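Results of the structural survey
Below, each chain spelled out in residue letters.
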Amino acid sequence: QSFIEVLGVVIFSKISYHAYKSLKRVDLDYLLEKTIEKSQQILESAIAVPYHLSNVFVEFPLKELYRHGPSFLGWEGDSLPRICARITYHGDPEF
């Protein structure tokens, strides 16, 4: 065997020993718990993306349109009860 092969085996053995020694100090239950917790957070974030997108691109513009409406509809600057009464055709802002 050549010197380089023996040196490679010695270095690999030393690295393996240190990796095994440091791995024995790791609390695997804690590591698993944190991994599951982070996975749940990532999944929840992925599920929430469509809600946030609809909120930003649909709900917010519609609320702004409702509250400040275009002037050609005639409710720009009106109070919310009066706008609601006009849209729902109840005619009574106290409804």
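What this report covers is the structure whose coordinates are included nearby. Since the structure is predicted, the reported quantities are computational estimates derived from the model, not experimental observations.

As a further point, take the overall build of the protein. A count of helices and strands for the protein gives 3 helices and 0 strands. Going residue by residue from the N terminus, the α and β elements of the protein occur as α-α-α. Classification of the 95 residues of the protein by burial places 5% in the buried group. Accessible surface for the protein amounts to roughly 8,600 Å². Of this, 66% is attributable to carbon and sulfur atoms.

Moving on, we get to the pattern of salt bridges. Once their charged atoms are close, side chains differing in charge can pair, the charge on each being opposite to the other. In the structure shown here, the tally under the stated rule is 1 salt bridge. Between Glu37 and Lys34 there is a salt bridge, with its nearest N and O atoms 3.6 Å apart. With Glu37 and Lys34 both in helix α2 (residues 28–68) and 3 residues apart, this pair spans about one turn of that helix. A relative accessible area of 30% places Glu37 in the partly exposed class.

On to a nonpolar patch on the surface. Together, Val49, Leu53, Val56, Phe57, Val58, Leu62 and Leu65 make up an exposed nonpolar region whose accessible area comes to about 670 Å². Turning to its location among the elements, Val58 is positioned in helix α2. On the basis of relative accessible area, Val58 is assigned to the partly exposed category, the value being 46%.

Rules behind the numbers
Residues numbered from 1 in each chain as written. Predicted model: local features only at pLDDT ≥ 70, side-chain atom pairs only at ≥ 80, totals over all residues. Heavy atoms only, no water. Helix = DSSP H or I, 4+ residues; strand = E, 2+ residues; numbered from the N terminus. Buried < 20%, exposed > 50% of the residue type's maximum accessible area, 1.4 Å probe, protein only. Areas by Shrake-Rupley, 256 points an atom, 1.4 Å probe, with all protein chains shown as cover. Salt bridge = Lys/Arg side-chain N within 4 Å of Asp/Glu carboxyl O. Patch = residues over 30% accessible without salt bridge, like charges linked within 9 Å, V, L, I, M, F, W, Y side chains within 5 Å.

Shape descriptors only; they carry no functional weight alone.
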